[in-house]
Amino acid sequence: MPTFVQILDFIGTFAFAISGIRLASAKRFDWFGAYVVGLATAIGGGTIRDVLLGVTPGWMTNPVYLICTAMALLWVIFFGKHLIHLHNTFFVFDSVGLALFTVVGVGKSIALGYPFWVAIMMGSITGAAGGVIRDVFINEIPLIFRKEIYAMACVVGGVVYWMCHLLGLDSVVTQIISGCSVFVTRILAVKYQICLPILKGEEEEEDVKL
């Protein structure tokens, strides 16, 4: 039987793959191109995390990630017309994937014996890096570089995970609370247009003075 973390990983893979394939379909990619975008979105962050942690990426030892992406592709093929017209679909699946992958990244780093500050960074990479690769593939400015709260939601989730750990909460409860904190942070940030301050360059400041 798969563990709770593995279930989260599989659901996150499916959610992120759909978010990537959905955007690829909107850009009129063919089936293979859409699959590649979905797969890169689903495994990109986890691959970077595993390389940094010195372990073999999960998709190289378990084909379930490739299968999940194929299932996501079939889902978009059969229900693509409905998904494209639902503007919130991408946002929901992307937020779910972001939350689940952050939890998986933090949990795996802790299981390998790394300190929490490393675990929070690995959780953020797991959650956000796949989206960066996806946006580069479809020729969009990555969400992580826009005003929206994206990677910071992963950091919030990692800190919540750490606080729950300090309180001695059960691991499953900790993972659920941490994942929910990422999802809620992302939802509230978009709904109320909460964003980080924009760093102004010297040229912009000179234009303001003129």
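As the structure is a prediction and not an experimental result, all values here were calculated from the model. (Residues numbered from 1 in each chain as written. Predicted model: local features only at pLDDT ≥ 70, side-chain atom pairs only at ≥ 80, totals over all residues. Heavy atoms only, no water.)

**Student:** Explanation requested: the overall build of the protein chain in the structure shown.
**Tutor:** Within the protein chain, the regular secondary structure consists of eight helices and zero strands. The N-to-C order of helical and strand elements in the protein chain reads α-α-α-α-α-α-α-α. A buried classification covers 45% of the 210 residues belonging to the protein chain. Across the protein chain, the fraction of contacts at a sequence separation of at least 24, relative to all contacts at a separation of at least 6, is 73%. (Helix = DSSP H or I, 4+ residues; strand = E, 2+ residues; numbered from the N terminus. Buried < 20%, exposed > 50% of the residue type's maximum accessible area, 1.4 Å probe, protein only. Contact = heavy atoms within 4.5 Å.)

**Student:** I keep staring at the packing of aromatic side chains and nothing clicks. Help me out?
**Tutor:** When we look at a pair of aromatic rings, we describe it by the centre distance and by the angle of the planes. Scanning the entire structure with this criterion turns up five aromatic pairs. Ring centres of Phe-16 and Phe-101 lie 5.2 Å apart, and the angle between their planes is 85 degrees; on these two criteria the pair is classed as edge-to-face. Taken as a pair, Phe-16 in helix α1 (residues 4-26) and Phe-101 in helix α4 (residues 87-111) lie far apart in primary sequence, 85 residues in all. For Phe-16, a relative accessible area of 0% gives the class buried. Judged by its relative accessible area of 3%, Phe-101 falls in the buried class. (Phe/Tyr/Trp six-rings, centres within 6.5 Å; stacked < 30°, edge-to-face > 60°.)

**Student:** Where do I start with the UniProt feature "transmembrane region" (unreviewed entry) in the protein chain in this structure?
**Tutor:** Mapped onto the present numbering, the UniProt feature "transmembrane region" (unreviewed entry) falls at residues 6-25, 32-52, 64-84, 91-110, 116-137 and 149-168. What you have in residues 6-25 is 100% helix and 0% strand, and the ends, taken at the C-alpha atoms, are 28 Å apart. Segment residues 32-52 splits into 100% helix and 0% strand. End C-alpha atoms: 29 Å apart. (UniProt positions renumbered as here; feature names shortened; annotations may be inferred.)

**Student:** What is the right way to read helix α2 (residues 31-53) from this model?
**Tutor:** Because an α-helix completes one turn every 3.6 residues, residues spaced three or four positions apart along the sequence face the same direction. Between its terminal C-alpha atoms α2 stretches 33 Å, which fits the 33 Å expected from 23 residues at 1.5 Å a residue. The principal kink in α2, of about 45 degrees, is found at Ile-43. Most of α2 is tucked away, with 17 of its 23 residues classed as buried. Capping of α2 at its N-terminal end is provided by Asp-30; its side-chain oxygen lies 3.2 Å from the backbone amide nitrogen of Phe-32. Following α2 by one or two positions, Gly-54 adopts a phi angle in the positive range, close to 80 degrees. (Expected span 1.5 Å × (residues − 1). Bend = angle between axes of the 7 residues up to and from the residue. Polar contact = N/O pair within 3.5 Å; in protein donor to acceptor, adjacent residues only side chain to side chain.)

**Student:** I keep staring at the pattern of salt bridges and nothing clicks. Help me out?
**Tutor:** Side chains bearing opposite charge may pair, as long as their charged atoms lie close to each other. Scanning all chains against the criterion turns up six salt bridges. Between Arg-134 and Asp-94 there is a salt bridge, with the nearest N and O atoms lying 2.8 Å from each other. You can see Arg-134 sitting in helix α5 (residues 116-137) and its partner Asp-94 sitting in helix α4, a full 40 residues away along the chain. A relative accessible area of 0% means that Arg-134 is categorised as buried. For Asp-94, the salt bridge is made with Arg-186, and the minimal N-O distance between the two is 4.0 Å. Placement of the pair is Asp-94 in helix α4 and Arg-186 in helix α7 (residues 171-191), with a sequence separation of 92 residues. Here the residues in one salt-bridge network are Asp-94, Arg-134, Asp-135 and Arg-186, joined through shared partners. (Salt bridge = Lys/Arg side-chain N within 4 Å of Asp/Glu carboxyl O.)

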